[in-house]
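Residue strings, one per chain:
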Amino acid sequence: MKDDVSWSRTFCGTLILILFMLLSLLTPATAGAAKQYKVLVVMSYEQDYPWVQAIRRGIDQVLAGDCDIRYFYLDTKKDIAGGRRKARQAYEVYRQWQPDGVIAVDDNAQSMFVVPYLLDKVNTPVMFCGVNADPHRYGYPGRNVSGILERLHIRESIVFAGQLSRIQTVCFLMKKSPVAALVRNQVDQEKETYPAKSLGFYLPATLDEALVTVDDLRRRCDLLFIETLEGIPDGDGKPLTSKEVIPLVVKAFGGPTAGTDLHSVRYGVLCSVIKSGEEQGETAATKLLRAMTGTPVAEIPITRNYRGKRVLNVTTMKNLGIRARPMLLRGTQLVRIEE
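The present account deals with the structure reproduced in this document. (Residues numbered from 1 in each chain as written. Predicted model: local features only at pLDDT ≥ 70, side-chain atom pairs only at ≥ 80, totals over all residues. Heavy atoms only, no water.)

**Here's the deal with the pairing of strand 12 (residues 309-313)**
1) Next: Inspection of the sheet shows strand 10 (residues 271-274) paired to strand 12 by four bridges, in the antiparallel sense. Opposite C271, over in strand 12, you have L312 as the bridge partner.
2) Next: Relative to strand 13 (residues 333-335), strand 12 runs parallel, the two sharing three bridges. Bridge pairing links L312 to L334 in strand 13. (Pairing = 2+ DSSP bridges. Helix = DSSP H or I, 4+ residues; strand = E, 2+ residues; numbered from the N terminus.)

**Focus on the environment of W51**
1) Next: Of note, W51 is situated in helix 2 (residues 50-63).
2) Next: Along the sequence, W51 and K275 sit 224 residues apart, while their C-alpha atoms lie 9.7 Å from each other.
3) Next: When near neighbours in sequence (up to four residues on either side) are disregarded, W51 contacts Y45, D106, E150, K275, S276, G277 and Q280.
4) Next: A polar contact of 3.2 Å, which involves the side chain of W51, links it to the side chain of D106. (Contact = heavy atoms within 4.5 Å. Polar contact = N/O pair within 3.5 Å; in protein donor to acceptor, adjacent residues only side chain to side chain.)

**Description of the sheet that holds strand 6 (residues 169-173)**
1) Next: Spatial ordering of the open sheet is given by 7-6-8-9-10-12-13, a layout of seven strands whose pairing is mixed. Of all strands in the sheet, those with a lone pairing partner are strand 7 (197-202) and strand 13, marking the two edges. This sheet shows a mean twist of 20° between the axes of neighbouring strands, independent of strand direction.
2) Next: By the bridge criterion, four bridges tie strand 6 to strand 8 (residues 223-226) in an arrangement that is parallel. Note on strand 8: the bridge partner recorded for L173 is I226.
3) Next: Helix 5 (residues 154-164) rests against strand 6, strand 8, strand 9 (257-259), strand 10 and strand 12 of the sheet, and its axis sits at about 145° to strand 10. (Axes fitted to C-alpha atoms, helices over the stretch in contact; angles between N-to-C directions.)

Okay, structure coming up:
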């Protein structure tokens, strides 16, 4: 009996020792697999801006499972003057938290945050997205910076509008801002390839100015192309959302309108070949993950977006008396005006 008990104790002790050794061998690999990279994402615009939300979805889709992500918003749609102060705060978050990687979204985050604080100054890999400017404007690519450019599907949107209505002339409308100059630059470079003659790029600073401009343009343009009016102030200086402004502008123009994003069409713009915020976020996040796992940033080239999707507001189409050919609706996302 004593021999049985002794044997049992010896067996159990040996088994425990073997299990301990196995756990010792497995623990480093398991710990490595479970490692969470720290990622700081600096957004140029406000948290509730639909474009920002789309980019965040793209980033989260790639990184949320493996990374601890902190988002910081510069809020420059509503307060461009406060952007540099917010950028200093973002740098303080970076300095104290010491992330493994950074994503900087849209142009203001480049000029206000990356260039003054991170470009070729730290070893942390930085990936940009949503950038309208030529990357050389910011000194990109840098030793630690790469990313994905944002190019609007303007030509494709004008073609789409021309399939719905007779379009020979187009005018462009965008809230006055530093980014507006970058979009106008894209139009200037491409306009000779557009299927409609460009009659000007207008940059109102207030809602009242925008409505006066549109009242004039309705007599001269077949198509009003609206890029973004988010944050344009009313008569009291209050920044307005796209949801508040776009219905007023669409009604004042009274004809076909085009845009570049889904929320504009949902708020009343007739049609668009939309760019994808998800594509921007996914691509930047994928590039950053490569950099954090050992690929030199110099081997991660700057790319640009290509995805485009046709979107049509059937409420606006009906209001304008337009009837679309069934073939045109194939593959097109149909939306109605959101109340």
